[in-house]
Amino acid sequence: MSKPADQPPPSDMEVDAAAEEKPLVRFSINVLELMREAQMQHGLRHGDYTRYRRYCTARLRRLYKSLKFLHGRGKYTKRNITESTVTDVRFLHIVFYMAERAWSHAMEKKTAGPNAQQRIYMLGRFRKAVKWATLFSHLCSLKGDSRTSLEAEAYASYMKGTLLFEQEKNIEAAMTNFKNTRAVYEELGKYGSIENQLLCRQRIEEVEPMIGFCSRKLGGSALQAHELLDLEKEGPAYDLFKAKIEAVLSETRSQQAASMTEFSWLGRRFPITNAKTRVSILKAQQLEKDLNGANTESVPADKKLGIFDKIFSAYHDARSCIRNDLASAGNAENIRDELNGLDKAVSAVLGFRTIERNQLLVSIAKSKFTKHRDEKNEKITKPEELVRLYDLLIQNTTDLTDLISSGRDKNKEENTFIQEYELKSLAFRAERCFYLAKSYSSAGKRAEAYALFCHARSITDSALQQLTNSPDKALVQDLKALSDSCRSNSFIEHATGIMEEENVPERLSKGVSTLSLGERKEAFLLDMLESYESALGESNTKTPCRIARFPPPFQSVPCNPIVLDMAYNAIEFPNIENRMKKEKKGLLSRFWG
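Conventions used here
Residues numbered from 1 in each chain as written. Predicted model: local features only at pLDDT ≥ 70, side-chain atom pairs only at ≥ 80, totals over all residues. Heavy atoms only, no water. Helix = DSSP H or I, 4+ residues; strand = E, 2+ residues; numbered from the N terminus. Buried < 20%, exposed > 50% of the residue type's maximum accessible area, 1.4 Å probe, protein only. Contact = heavy atoms within 4.5 Å. Phe/Tyr/Trp six-rings, centres within 6.5 Å; stacked < 30°, edge-to-face > 60°. Core = buried A, V, L, I, M, F, W, Y, C linked by side-chain atoms within 4.5 Å. Domains from an automatic or database assignment. Expected span 1.5 Å × (residues − 1). Polar contact = N/O pair within 3.5 Å; in protein donor to acceptor, adjacent residues only side chain to side chain. Axes fitted to C-alpha atoms, helices over the stretch in contact; angles between N-to-C directions. Parallel < 35°, antiparallel > 145°, perpendicular 65-115°, else oblique. Left-handed = near helix turned anticlockwise from the far one by under 90°. Salt bridge = Lys/Arg side-chain N within 4 Å of Asp/Glu carboxyl O. Pairing = 2+ DSSP bridges. Nonpolar A, V, L, I, M, F, W, Y, C, P; charged D, E, K, R; others polar. pLDDT = per-residue confidence, 0-100. Patch = residues over 30% accessible without salt bridge, like charges linked within 9 Å, V, L, I, M, F, W, Y side chains within 5 Å. Areas by Shrake-Rupley, 256 points an atom, 1.4 Å probe, with all protein chains shown as cover.

Counting its secondary structure elements, the protein contains 18 helices and 2 strands. Looking at the protein residue by residue over its 593 residues, the buried ones come to 37%. The long-range share in the protein, meaning contacts at least 24 apart out of those at least 6 apart in sequence, stands at 65%.

See the structure below:
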């Protein structure tokens, strides 16, 4: 058999023609949407990086199995993902989740507060994330469409900026990468659906604080505490530089605390010698400025409560430092007197801020008390809850006035403060009495509610008489509104009580007319459908609704008739023995029966 002649190699024109016949498939991935959905649904909504890392590992295992892209059984054989490997969009997903797994592992170590050795490991995981993100960007530029390539490039820039930001070696390059990320998302946010535009806007808001932090650090200007607190928000991206913000804040406070030598409270000055005490008090004072600033009205109540918690933590730290100094002061009387005075002043400020926080809780509860049921189906406030809050406020004011009046010689500021908070305690008592009357009114106890409304009005009027020349106009207005509410509610309770008393004879006569010596019969709704009598219990009682009797009572039902078959004995039945099967007997059985 003759061999075929060798064919010449194809020319360049033939290769180009063959490439034109087989068009290149371009994959499409919405990278930002894929990342946000994976992060929010698997732990990062609550900052759980461990859960998200485990999800990435499980997702990679499923992708490897579905693509049959396994690394051998028994012995591991590395299989790289290159341009020729990417024949399915799931190969790009593998590279993406590899980057996400490395990034989440690094963030897990970072949020745990790493030591020197763990920090080296954390930086290694950030480098691994940059490596996979760079490969993802390269493969998307070759195999993806233009939008996918652009989003992958922004993703890789963010990862590079994160690594440089954490290393603190090249802040300028980190800022450049963050700016590239912001520029890409600004362009992408102009197009697409509303959901995509919102995602791009959120991503820009996450990157902005990092750019601001880098620019301030490159500019060499001192980072002010309020500027850093403005940068601090919530979300996965903000966890990257929370520790840095806290470090810079503590450094700034230490520099400012060096010039802080004393603490002033109600006209008295107490020297501070311990550096930790200075830093803690300075931190609390800066948080108080943020709380009492010009734009506090726009701050939500939940954030205010968070600031209060930080203030309490700072003052508790200061008080623990002061008491440690007291324990080590020995017998030096002058030092012990100064430390005792400072401890008393810090405790007084702590009590003062506790009253402010409880007043904020009261305002939140009052806003829910006036609503019947809001759009979010939120639980309304009961009057008993407000009574409990006012009990706390009365106890707080009593403790604060007792603490300040415990000194032997009081100055003018202390006497004025004590008088002011004694009047506030009187106002809190009036408010407590008002809401206690509300609770009795909701229980249907008209006489008790009327007496409590009148008592609350008398307390309010006596407080208003003592506040005639008070500069606290807001408290005076609140007490006047409370007095009017007590007056109107007392009239309502009085009128409602009279109406109920007028209806007593009618109800009594109706009840007597229905009395009988026989068995008492309860009226149920199904038994009186043609009448307009209510089957519901009273509003002030806990009797259940009478809809239908359950379990239902027994009813008499007719029995099935008994048929007596009397003709059975008179019937002659035919003989059917010839139809019966006869048994076959053997020879021996014939003889022996």
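Here the focus is unusual backbone geometry. Omega for the bond connecting F550 with P551 falls within 30 degrees of zero, at -5 degrees, which places this linkage in the cis form. Residue placement: P551 occurs in the loop between helix 17 (473-513) and helix 18 (587-591). A positive phi angle, close to 55 degrees, is found at L266, a residue other than glycine. Summarising the element assignment, L266 is placed in the loop between strand 1 (262-265) and strand 2 (268-271).

This paragraph deals with the packing of aromatic side chains. Applying the stated rule across the entire model yields 23 aromatic pairs. Aromatic side chains Y52 and Y55 sit 6.3 Å apart centroid to centroid with 25 degrees between the ring planes, which places their arrangement in the stacked category. With Y52 and Y55 both in helix 3 (residues 49-67) and 3 residues apart, the pair spans about one turn of that helix. Neither Y52 nor Y55 differs from the other in exposure class; each is buried.

In this fold, H93 is placed in helix 4 (residues 89-111). With sequence-adjacent residues up to four places away left out, H93 is seen in contact with I29, L34, R59 and L63.

On to the nonpolar core. In terms of nonpolar packing, the biggest core is built from 67 residues, with F263, W265, L400, F417 and L479 touching the most fellow members. Of all elements in the fold, only strand 1, helix 11 (275-291), helix 12 (301-327), helix 13 (333-369), helix 14 (383-404), helix 15 (412-442), helix 16 (446-466) and helix 17 reach the threshold of two or more residues within this core. When residues of this core are assigned to domains, at least three fall in each of domain 2 (260-371) and domain 3 (382-506). Beyond its immediate chain neighbours, meaning those up to four positions away, F263 contacts R268, R269, F270, I272, I281, Q285, L342, A345, V346 and V349. Core analysis: the second largest hydrophobic core is formed by 53 residues, V95, A152, A154 and A156 among them.

The terminal C-alpha atoms of helix 3, which comprises 19 residues, lie 27 Å apart, in line with the 27 Å expected from a rise of 1.5 Å per residue. Buried within helix 3 are the following residues: Y49, Y52, Y55, C56, L60, L63, Y64 and L67. As for helix 3, its buried residues are in contact with helix 2 (31-41) and helix 4. Among the residues of helix 3, the N-terminal cap falls to D48, whose side-chain oxygen and the backbone nitrogen of T50 are separated by 3.4 Å. Of the residues flanking the end of helix 3, it is K68, one or two places downstream, whose phi is positive at about 55 degrees.

The next thing to look at is the environment of L305. Along the chain, L305 turns up in helix 12. A relative accessible area of 16% places L305 in the buried class. When the C-alpha positions of L305 and L360 are compared, they lie 8.2 Å apart, and in sequence the two are 55 residues distant. Setting aside residues no more than four positions away along its own chain, L305 makes contact with R357, L360, L361 and I364.

The interhelical angle for the contact between helix 4 and helix 6 (residues 146-167), taken along N-to-C directions, is 25 degrees, at an axis separation of 12 Å. Relative to helix 6, the element helix 4 is oriented roughly parallel. Along this stretch, helix 4 crosses helix 6, giving a crossing that reads as left-handed. Across the interface between the two elements, F96, A99, E100, W103 and K110 from helix 4 touch Y155, M159 and E166 from helix 6.

Under the defined criterion, the tally for this structure stands at 18 salt bridges. Here E108 and R53 are joined by a salt bridge, their closest N and O atoms 2.8 Å apart. Taken together, the residues E108 in helix 4 and R53 in helix 3 connect sequence positions 55 residues apart. Of the charged contacts, one joins E493 and R446 as a salt bridge, the two residues approaching to 3.3 Å between their closest N and O atoms. One end of the pair, E493, is in helix 17; the other, R446, is in helix 16, with 47 residues separating them in the sequence.

On any regular strand, side chains alternate: one points to one face of the sheet, the next to the other face. Pairing geometry for strand 1 and strand 2, over 4 bridges, is antiparallel. Directly across from S264, in strand 2, lies its bridge partner R269. In sequence, strand 1 turns back onto strand 2 through a hairpin of 2 residues, with L266 there showing a positive phi of about 55 degrees.

Another aspect to go through is the side chain of S441. Among the secondary structure elements, S441 is positioned in helix 15. On the accessibility criterion, S441 (17% relative accessible area) is buried. Polar contacts involving the side chain of S441 include one to the side chain of E493, which spans 2.5 Å. With residues near it in sequence (within four places) discarded, S441 still touches R446, A449 and E493.

What follows is about the packing of helix 3 against helix 4. Close contact between helix 3 and helix 4 brings their axes to 8 Å; oriented N to C, the two are set at 160 degrees. Taken together, helix 3 and helix 4 sit at an angle that is classed as roughly antiparallel. Considering how the two elements wind past one another, helix 3 and helix 4 form a crossing that is left-handed. Partitioning the contact of helix 3 with helix 4 into residue classes produces 14 nonpolar, 7 polar and 6 charged.

This part is about the confidence of the model for the protein. Overall, the predicted model of the protein reaches an average pLDDT of 81, with 81% of residues at or above 70. In this model, residues 15-22 is a region of pLDDT below 50 whose contacts with residues beyond four sequence positions or in other chains number 0 contacts. Confidence drops under a pLDDT of 50 for residues 222-232, and excluding neighbours within four residues, the segment shows 22 contacts in the predicted structure.

Right, let's talk about the environment of K128 for a bit. Summarising the element assignment, K128 is placed in helix 5 (residues 116-143). The partly exposed category is assigned to K128, whose relative accessible area is 33%. Separated by 25 residues in the primary sequence, K128 and W103 have C-alpha atoms spaced 7.9 Å apart.

Let us look at a nonpolar patch on the surface. A cluster of nonpolar side chains, contributed by L525, L526, L529 and I547, occupies part of the molecular surface with about 370 Å² of accessible area. In this structure, L526 sits in the loop between helix 17 and helix 18.

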